[in-house]
Amino acid sequence: MVDTKVSVSSFHDLIRYYIITMSIILITIVLGKRTWCQYICPMYIFNYIGMNIGSFLKLPSLKITCKSEKCTQCKRCTNNCLMGIEVADMVKNNNWNTKECIQCGKCLNVCKCDVLKRKWKK
Ligand code: SF4
Ligand code: SF4
């Protein structure tokens with residue numbers, strides 16, 4: 001019964017808590033990693049809609065670009081990506097075609113070879 005924490009004050013609350021938790025776990029097991037972030041979280045849905053409108057209208061937006069030739073395939077970017085994206089593979093194939101990226105910049109920060117940059121692009 002505290003404002004700042006999740007509390008379970010009755011047996012019914014406990015059942016509800018486990019139903020919600022198990023649903024999230026089951027969705028992830030059935031549909032794959034990051035399912036919650038990619039398909040259910042409202043922030044991702046707004047991000048996805050915004051990116052599609054931007055590409056349709058050919059508006060400039062902040063994008064990550066890479067210099068594949070500098071990459072040593074150390075995979076620090078992949079291992080640190082919050083969205084579980086195979087960043088090193090995208091760099092290797094010089095193909096940054098993902099709508100899952102939330103532009104957090106973590107991959108840029110951990111890359112020691114200065115491979116990744118942010119640029120405004122159409
Ligand atoms: S962290 Fe940099 S050098 Fe390492 S795999 Fe990623 S892009 Fe390549
Ligand atoms: S910017 Fe963030 S979400 Fe996007 S690829 Fe890099 S680490 Fe992953």
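The following refers to the structure shown. Quick caveat, the model's predicted, so the values are computed rather than measured. Sequence order as written defines the numbering, with residues in each chain counted from 1. Written order determines the labels here, with chains lettered from A and ligands numbered from 1. Where local features are concerned, this predicted model is filtered to residues with pLDDT of at least 70; where side-chain atom pairs are given and counted, the filter is 80 or more; whole-chain, interface and lining totals use all residues. As a convention, hydrogens and water are excluded, and side-chain values are obtained from all of the structure's heavy atoms.

## Notes on the site of ligand 2
Nearness is defined per residue: one heavy atom within 4 Å of the molecule or strand is enough. Near ligand 2, the surroundings consist of Ile 64, Cys 81, Met 83, Val 87, Trp 96, Cys 101, Ile 102, Gln 103, Cys 104, Gly 105, Lys 106 and Cys 107. Across the shell around ligand 2, the residue classes break down as 9 nonpolar, 2 polar and 1 charged. Throughout this entry, Asp, Glu, Lys and Arg are counted as charged residues, while Ala, Val, Leu, Ile, Met, Phe, Trp, Tyr, Cys and Pro are counted as nonpolar. The remaining residues, Gly among them, count as polar.

## Some thoughts on the pattern of salt bridges
Salt bridges are defined as contacts in which a side-chain nitrogen from Lys or Arg sits within 4 Å of a carboxyl oxygen from Asp or Glu. What the rule picks out here adds up to 4 salt bridges. Its salt-bridge partner being Asp 114, residue Lys 70 comes within 3.7 Å of it at the nearest N-O pair. One end of the pair, Lys 70, is in the loop between strand 1 (61-66) and helix 4 (76-80); the other, Asp 114, is in the loop between helix 6 (106-110) and strand 2 (116-121), and 44 residues separate them in sequence. Residue class for Lys 70 comes out partly exposed when judged on its relative accessible area of 35%. Type-normalised accessible area, obtained with a 1.4 Å probe on protein chains alone, sets the label of each residue: buried when under 20%, exposed when over 50%, and partly exposed for intermediate values. By relative accessible area, which is 40% here, Asp 114 ends up partly exposed. Between Asp 114 and Lys 117 there is a salt bridge, with the nearest N and O atoms lying 2.6 Å from each other. Taking relative accessible area as the criterion, Lys 117 reaches 35% and is therefore assigned partly exposed. Ionic contacts of the salt-bridge type, sharing partners, join the residues Lys 70, Asp 114 and Lys 117 into one network. Segments assigned H or I by DSSP are reported as helices when at least four residues long, segments assigned E as strands when at least two residues long, and all are numbered from the N terminus.

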